[in-house]
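Results of the structural survey
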Amino acid sequence: MEFPKGIQIEVTNKCNFRCVYCLRNFWNIRIQDMPSALFKKLSKSFDEMEKVVLYGLGEPLTHPDFMEMARLARDRMKKDGEISFSTNGSLLSARVAEKLLKDIGVNMISFSFDTIETSALERLRVGAESHIILENLKEVSRLKNFSRFPFTLSIEVVLTKDILHYLPKLVEFAAQNGVDSILVTNVVPYTELFNEQQLFLTLSEASYNIVKDFLDEGWNIIHDAVIESHSLTYTGKSVSSALEKYRMLWKKAEEYGCWINFPMLIQMKSTLENVKETLQVFKESIKLASDYGIELRLPNQFADGKKRVCPYVDKDFAIVRVDGNIVPCMEFMYTHYEYINLHKRLVKEVLFGNVIEEDLEKIWSSDDYKNFRILRKDLNKNFPWCGECVYSTLNCYYTSSSEKDCVGNKDSCSECLYSVNIAQCML
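Residues numbered from 1 in each chain as written. Predicted model: local features only at pLDDT ≥ 70, side-chain atom pairs only at ≥ 80, totals over all residues. Heavy atoms only, no water.

1. Things to note about helix α6 (residues 167-176)
To keep things clear, this is the line we draw: Only protein chains enter the accessibility calculation, which uses a 1.4 Å probe. A residue is then buried if its area is under 20% of the maximum for its type, exposed if over 50%, and partly exposed in between. Secondary structure elements follow DSSP: runs of H or I of four or more residues count as helices, runs of E of two or more count as strands, with numbering from the N terminus. Only heavy atoms matter for contacts: two residues are in contact if any of them lie within 4.5 Å across the pair.
Listed in full, the buried residues belonging to α6 are Leu167, Pro168, Leu170, Val171, Phe173 and Ala174. For α6, the elements touching its buried residues are α5 (130-143), β7 (152-159), β8 (181-186) and α11 (269-292). At the C-terminal side of α6, Gly178 shows a positive phi close to 70 degrees.

Encoded structure:
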C-alpha cells in the first residue's frame, strides 16, 4: 500500500475568533471536534509520514485533547518526522507553549498574525486581544532554545489593501522577537466585497506589459477594432488603424505564449495600481528580511498560467477533514463560493473516502484519488487557466462552477489561486 508523504489533519473546525476574511463566515457546516478515537486510528500511519500538520479551518488549541494529539503524533512518528500547526495565538499560553516545545517536541508553530497595528489586527481578527497574542508569541520565542527538537517560529499574514503598508514593520517586529519565517498569502475572495481589498491579478505580468501603454484607451480599443473590421469586410475601406494595433498586440501575446484579457485589465485598472504599490512594499520587505536573516515567503501578484503547481500534489499531501473525509487540498475542502476573474464561482467539495470506514492508505491508493493526482502533476498541460481568457470575465458557462471546465476536466483547477501561488498555505 502507498502512503502520502505528509498529512494535514483538521482536528477541529471550531474557532474562538471570527476573522472577516475566513471561509467559516460563509459556510453552513456542522461545527465539531475530531473524535480522539479517529485521531488515534490515523496515528497508526504516522510512522510512514515525513510531516503531520495539525490544523484546518479552525483553531487547533480549542480542541480539549489537542495536547494529547500532538504527543501521540510525536510518539508515532519517526525521530526526524515534523509536526507543525497554525494558531491564532490567543490560547498559546506560557504553560501550553512549554509543554509543546520542551515536553512534546513540535517542530513548528505558526502564528496567524497579520499586523502589529493593534486596531487593524483586532478589526480583521474579530475576537483578538493583541496584547495577549504578542505576549504568547514572545513566550514561544523565549522557549525556542529549550525545545526538544529543532524548532521554527513562524508568522502567517493574510494580505489585504488595508494592512499592506504595515508589512515592513511586521518584518522588523519579527526580527526583534526571534521569528524565523513569515508566510504571506493574498486574501481569497469569498465574497465580492473582497475585490476592493484585492492586491493581485489572475493574468500574467507578460500580458499586462504588452498592453499597458494602451489601457488608457479603455473599451475604445476594442470598439474601434470591431468597427474597423466591419468596415474592411463590408466596404473594403479602412477607417482607422485600430484593427492593426489590436492584431499587433495579439501577435506579441502569441510570441510570449499568453492571451490578453482586455475586459479584466480595463475593469481592474485600480487593482493594477494596487499591484504596483504592493510590489514596492514587497521590495522593501525583502531587503529588511534579508538584512535580519528572516525567511520571507511572498505570494505572486500576477498569475503565470504556464507555471502552475498544486502544492498538495507536489508535496504528496492529503487532508483529513474533522469528520474523517479525505480531501485533496484546501480549495476543495468545503463547498463555497469565490469571486474571481470578475465572476461568482461555486467550488464544490471533493471527497475520496472516509477514514472512519476505510484505512487511509486504501483511500490514498484508490484509482479515483490516484488519477486525480496524476492529472494535476502537470496542471499547465492538463488544465486551462481562466485568468487570461476573455470569456472568463464575460459569464462563460464553465466558470460558474468547479465541476467541469472547457476541456472536460471534472473538479477543475482552472481558477485555483493556490496553483499560481497567489494564495499560499502552510505545509
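Once you've had a look at it, read on.
2. A short note on the pairing of β7
For clarity, the cut-off: By this definition, two strands are paired if DSSP reports at least two bridges between them. A crossover counts as right-handed when, viewed with the strands pointing away from the observer, the path leading from the first strand over the helix to the second turns clockwise.
Where burial is concerned, most of β7 is hidden: seven out of the eight residues are buried. Across five bridges, the pairing between strand β5 (residues 108-112) and β7 is parallel. Bridging across to β7, Met108 finds its partner in Thr152. In terms of strand pairing, β7 meets β8 through six bridges, oriented parallel. The residue of β8 that forms the bridge with Val158 is Thr185. Handedness of the crossover is the feature at issue here: the chain leaves β7, passes through α6, returns alongside β8, and the resulting connection is right-handed.

3. A short note on the environment of Lys40
Here Lys40 is to be found in helix α1 (residues 36-43). Taking the C-alpha atoms as reference points, Lys40 and Ile260, separated by 220 residues in sequence, lie 51 Å from one another. Residues contacting Lys40, with those up to four places away along its chain left out, are Leu72 and Arg76.

4. Looking at the packing of α6 against α11
Relative placement of two packed helices is described by the angle separating their axes and the distance separating the axes. Applicable threshold: Axes here refer to lines fitted to C-alpha atoms; in helices the fit is confined to the stretch in contact. Angles between the N-to-C directions go from 0 to 180 degrees. Angular relationships are summarised with four words: roughly parallel below 35 degrees, roughly antiparallel beyond 145, roughly perpendicular across 65 to 115, and oblique for the angles in between. Residue type decides the class: Asp, Glu, Lys and Arg count as charged, Ala, Val, Leu, Ile, Met, Phe, Trp, Tyr, Cys and Pro as nonpolar, and the leftover types, Gly among them, as polar.
Contact pair α6 / α11: the axes reach a minimum separation of 9 Å and the direction vectors enclose 10 degrees. If you check the angle between α6 and α11, you find them roughly parallel. Where α6 approaches α11, its residues Leu167, Pro168, Val171, Glu172 and Ala175 are matched on the opposing element by Val281, Phe282, Glu284, Ser285, Leu288, Ala289 and Tyr292. Residue composition of the contact of α6 with α11, grouped by class: nine nonpolar, one polar and two charged.

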